[in-house]
Amino acid sequence: MLLALVLGTAGTVCAQNETVQYGKENLERDYCDGYNISIVLKDVPDHYMLYLWGYYCGNWGVVDSTEVKNGKACFRKNSSAKTKNEISEKFPKGFYDIFGDGLFPFQIIINQQNSFDVEVDIHNPNQFTNHSFRKSDENQLRKTVALAWNEQQDAFEGAKAAAELTSAMPQSFLGQYYLLEDEILKTAQSDDPAVYFAIGSASPSEFHHVLSLVDFTDARLCHTSSLLFPFIKDYLTSDNRESVAEIITEVDTILTRAARGGRYQCGMYAQWLYGIFDKTGDPYYEPVMLHIYDTYDRGWIPEDQERRIKRQTDRIRKLAPGAQIPELTAYDIDGKQHSTNEIQTKYTILWFWDPDCDHCQEMTPILHDLYQKRADELDFEVFAVEVNDDYPRWKAFSEMNNLSDWINLSTSMGETSVDYIEYFDIVTTPVILLIDNEKNHAIIARQLTLDAIVRAMER
């Protein structure tokens, strides 16, 4: 189970960066010894399965399951911790969903209370009206807020109404939660009627304002379905981020604040943030991933992902801006060997391509046109290597597009100095890198557009 996996590794997460100082986990506020949830369901047959879903920084997974017997289902978990501070055996507080086949999911807040008796009518679509909680529990207020939200015309008004209902308790978990939701939605409103919900459009000032309201030391927030997580994700991966350095600064802000609450919180946010950039598949974010991996201890990495992430970060480090490439060699159509060390221009464009690739067929002539028009002006050479060993198609395409005036090579012509596919992690083609020959063949950038490469050489 996802939460069990995270809890199992929580004790090993620590920071390598000396600027990150860990605080002490607030166990009483953020964790409990388990839960006892009894649910009465009307007209539900025995063996009907119910599931308890938990959240993990915007992701979710099944925490527990049970089946109905005699119209009742029970979720129970008791801690086996031998000491009060054994966090790996504690259960995190937060929002949890209960659902079954044909049952509209409803939420349970495990916070002030962790023992509940709930009655649910599976045939009634408005589930909130049929939840029975103790009057003193936050779930009662949550039910009231949800009904008030549903009466509003849109999400913006709903969030405003929820914030007003809980404004009298600003220091409570629910009060902070609804204030945060309201502030995030304020950044999403647009004058464009076609844009209903665009949280990624937040300005830097709006982003920092929202972050100032977040208690990243509160583990309960990590286990709650919140707009905070898509808000951060969309902002950090939006096109208006000026530089990788800016993104790294924002990431460190989040992780250093989370670390003050304890290893568990920092580890959860580190894993979540790494995953955000990993899933984009965009090399632009690789320095951010490498920074998270190098700066914070690897205890946040799930055991089944350790080898993959180790290989991934080794490859990123090898191809990161500033890394020096080894001497590259390959053979041209006449069997003559060429080396990158022989190139005398200021820059080299490495172009790994495949004549069977549609995108390569489109982009290679465009790059060649740029080469013919501006190679002397921008002082660059192209080291083009066909990596599919398809000699007939490479030869035919090269002749058709007159590629003989640049360094036009193929792996089909003889043994190369390195395995290009493995070394440069070529999964799809084309792959392009800009190399600074004056800095001992250091990588300037990878997978940039041709326009971006031209701008880099013009600086």
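Keep in mind it's a predicted model, so treat the numbers as computed, not measured.

Caption draft 1: Layout of the overall build of the protein chain. When helices and strands are tallied, the protein chain shows 16 helices and 16 strands. The buried share of the protein chain, reckoned over its 459 residues, is 53%. Pairs at least 24 apart in sequence give 68% of the contacts found in the protein chain among residues at least 6 apart. Accessible surface for the protein chain amounts to roughly 21,700 Å². Of this, 47% is attributable to carbon and sulfur atoms.

Caption draft 2: Molecular detail of the nonpolar core. Residues Phe216, Ile232, Leu236, Val251, Tyr269, Leu273 and Phe277 are the most contacted members of the largest nonpolar core, which totals 55 residues. The residues contacting Val251, other than those within four sequence positions of it, are Leu236, Leu273, Phe277, Val288 and Ile292. If you look at the next biggest cluster of nonpolar residues, it comprises 26 residues, including Ile349, Leu367, Val382 and Trp394.

Caption draft 3: Quick look at the pairing of strand β9 (residues 115-120). Burial along β9 is one-sided: Phe116, Val118 and Val120 are buried, and none of Ser115, Asp117 and Glu119, which face the opposite way, are. Sheet topology note: the strand β2 (residues 34-41)/β9 ladder contains six bridges and is parallel. Residue pairing in the sheet places Val40 in a bridge with Glu119 of β9.

Caption draft 4: Focus on the pairing of strand β12 (residues 347-353). Burial analysis of β12 places seven of its seven residues in the buried class, which makes it a mostly covered element. Neither face of β12 is open: one carries Tyr347, Ile349, Trp351 and Trp353, the other Thr348, Leu350 and Phe352, and all of them are buried. Alignment of β12 against strand β13 (residues 380-386), held across seven bridges, turns out to be parallel. For Ile349, the partnering residue across the bridge sits in β13 and is Val382.

Caption draft 5: Up close: the sheet that holds strand β5 (residues 72-78). Read across the sheet, three strands follow the order β5-β2-β9 without closing on themselves; strand pairing throughout is mixed. Strands with a single pairing partner mark the edges of an open sheet, and in this sheet they are β5 and β9. Here the average twist between neighbouring strands, direction ignored, is 10°.

Caption draft 6: Layout of the state of the cysteines. What the rule picks out here adds up to zero disulfides. No disulfide involves Cys57; its nearest neighbouring cysteine sulfur is the one of Cys222, lying 4.2 Å away.

Caption draft 7: Region of the structure containing the environment of Tyr420. Looking at the secondary structure, you find Tyr420 in helix α15 (residues 420-423). With 34 residues separating them in the primary sequence, Tyr420 and Glu386 have C-alpha atoms 9.8 Å apart.

Caption draft 8: Highlighting the packing of aromatic side chains. Per the counting criterion, the structure on display carries 25 aromatic pairs. An angle of 40° between the planes, with centres 4.9 Å apart, marks the rings of Phe95 and Tyr177 as tilted. Residue Phe95 is located in strand β7 (residues 94-100), and its partner Tyr177 is located in helix α5 (residues 173-188); the two are separated by 82 residues in the primary sequence. We note that Phe95, like Tyr177, is buried. The structure contains a cluster of three or more aromatic residues connected by ring pairs, namely Phe95, Phe173, Tyr177 and Tyr178. Geometry around Tyr423 places Lys318 over its ring, the cationic atom sitting 4.2 Å from the centre.

Caption draft 9: Focus on the confidence of the model for the protein chain. Of the residues in the protein chain, 85% reach a pLDDT of 70 or more, and the chain-wide mean stands at 84. Note on residues 1-21: pLDDT is under 50 here. Beyond four places in sequence and across chains, it has 53 contacts. Across residues 192-196, where pLDDT falls below 50, the model places five contacts with residues more than four positions away in sequence or in other chains.

Cut-offs applied
Residues numbered from 1 in each chain as written. Predicted model: local features only at pLDDT ≥ 70, side-chain atom pairs only at ≥ 80, totals over all residues. Heavy atoms only, no water. Helix = DSSP H or I, 4+ residues; strand = E, 2+ residues; numbered from the N terminus. Buried < 20%, exposed > 50% of the residue type's maximum accessible area, 1.4 Å probe, protein only. Contact = heavy atoms within 4.5 Å. Areas by Shrake-Rupley, 256 points an atom, 1.4 Å probe, with all protein chains shown as cover. Core = buried A, V, L, I, M, F, W, Y, C linked by side-chain atoms within 4.5 Å. Pairing = 2+ DSSP bridges. Axes fitted to C-alpha atoms, helices over the stretch in contact; angles between N-to-C directions. Disulfide = S-S within 2.5 Å. Phe/Tyr/Trp six-rings, centres within 6.5 Å; stacked < 30°, edge-to-face > 60°. Lys NZ or Arg CZ within 6 Å of the ring centre and 35° of its normal. pLDDT = per-residue confidence, 0-100.

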